[in-house]
Amino acid sequence: MSSADAVSRETAWLQAYDVNDGLPGLLKTNGGPFDVVQAYVPRTGAQRQSRLYVTRPNLRVESFGFNRKIDHHMFLLRLYWPQSSSSGQAESVQQDFDDAVALVVQRISGLFGDKTHGARFLSVAEDPSSIDVQFADPEQSMQARSELTATITYRADDKDYTS
């Protein structure tokens, strides 16, 4: 593991689906609400598709002890929800987006008793109050881009290491 692959590891968790674990799939191919779940924001995003991009705006390396370190990652998910994703009525589009965001938060929260995202990290979103969802003003985003947007931020910690 390297701090450089943290975004890819988290994306793999968000794309994963196991019918037996009780967590929702996020990709439409797994019964979820998103057409796209990918690492990093592309230069030009797909239009008229529900999209979730995983980014990392912050990495903090904490030193402790004599030569021990731990990497703290802040993840920023960017969500885009097209107005054409449901019946087209503004209210139902917003409700569908709320439902999709709830599934993302459930997936981030992980399995009961396991906050490692399948052993990809030491811990992810260990404190549920640390998952922060910010919705853009729906009136402005629907007029400007014909889609709703939101961001979700949370922290993940890697296993400590010797340097």
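Overview of the structure. Along every chain, residues carry numbers that run from 1 in the direction the sequence is written. Reporting of local features is limited, given that this is a predicted model, to residues whose pLDDT is at least 70; pairs of side-chain atoms are given and counted only at 80 or more, and all residues count toward the totals for whole chains, interfaces and linings. Processing note: side-chain calculations cover all non-hydrogen atoms of the structure and skip hydrogens and water entirely.

## Let's talk about the overall build of the chain
- For the chain, the count of helices and strands is 3 helices and 7 strands.
- When the helices and strands of the chain are placed in sequence order, the string is α-β-β-β-α-β-β-α-β-β.
- Only C-alpha atoms enter the radius of gyration; for comparison, a globular chain is expected to reach 2.2 Å times N to the power 0.38, where N is the number of residues. Scaling as 2.2 N^0.38, a compact globule of 163 residues should have a C-alpha radius of gyration of about 15 Å, and the chain matches this with 17 Å.
- Along the three orthogonal principal directions, the C-alpha set of the chain runs to about 60 × 35 × 25 Å. Helix and strand definitions follow DSSP, with helices as H or I runs of at least four residues and strands as E runs of at least two, each counted in order from the N terminus.

## A short note on helix α2 (residues 90–109)
- Under the convention used throughout, the expected extent of a helix is 1.5 Å for every residue step, that is, one less than its residue count. Taking 1.5 Å as the rise per residue, α2 with 20 residues should run 28 Å; its terminal C-alpha atoms sit 29 Å apart, in good agreement.
- Only protein chains enter the accessibility calculation, which uses a 1.4 Å probe. A residue is then buried if its area is under 20% of the maximum for its type, exposed if over 50%, and partly exposed in between. Listed in full, the buried residues belonging to α2 are Val93, Phe97, Ala100, Val101, Val104, Arg107 and Ile108. What you see down the axis of α2 is that its buried residues fit within an arc of 115 degrees, all on one side.
- Contact definition: two residues touch when any of their heavy atoms are within 4.5 Å. Buried positions along α2 lie against α1 (6–15), β2 (51–64), β3 (68–82), β5 (132–135) and β6 (147–157).
- Just past α2, the residue glycine 110 takes up positive phi, approximately 75 degrees. Directions pointing from the helix axis toward each C-beta atom define the arc.

## Some remarks on the pattern of salt bridges
- For this document, the term salt bridge refers to a Lys or Arg side-chain nitrogen within 4 Å of an Asp or Glu carboxyl oxygen. Counted under the stated rule, the structure contains 6 salt bridges.
- Arginine 9 is paired through a salt bridge with aspartate 158; the nearest N and O atoms lie 2.7 Å apart. Residue arginine 9 is found in helix α1, and its partner aspartate 158 is found in the loop between β6 and β7 (161–162); the two are separated by 149 residues along the sequence.
- Measuring nitrogen to oxygen at the nearest pair gives 3.1 Å for the salt bridge that ties aspartate 157 to arginine 155.
- A network of salt bridges, in which partner residues are shared, links Asp5, Arg9 and Asp158.

## Regarding the packing of aromatic side chains
- We call Phe, Tyr and Trp rings a pair once their centres come within 6.5 Å, taking the six-membered ring for Trp, and we label the pair stacked below 30 degrees between planes, edge-to-face above 60, and tilted otherwise. Going through the model one piece at a time under the given rule, you end up with 6 aromatic pairs.
- Between phenylalanine 34 and tryptophan 81 the ring centres are 5.7 Å apart and the planes differ by 80 degrees, which places this aromatic pair in the edge-to-face class. Taken together, the residues span a long stretch of sequence, with phenylalanine 34 in the loop between α1 and β1 (36–39) and tryptophan 81 in strand β3 at a distance of 47 residues. The same class applies to phenylalanine 34 as to tryptophan 81, namely buried.
- Ring centres of phenylalanine 75 and tyrosine 154 lie 5.7 Å apart, and the angle between their planes is 45 degrees; on these two criteria the pair is classed as tilted. Taken together, the positions of phenylalanine 75 in strand β3 and tyrosine 154 in strand β6 put the pair 79 residues apart, joining distant regions of the chain.
- The ring of tryptophan 13 carries arginine 107 above its face, with NZ or CZ at 4.3 Å from the centroid. By the criterion adopted, a ring carries a charge over it if an Arg CZ or a Lys NZ lies within 6 Å of its centre and within 35 degrees of its normal.

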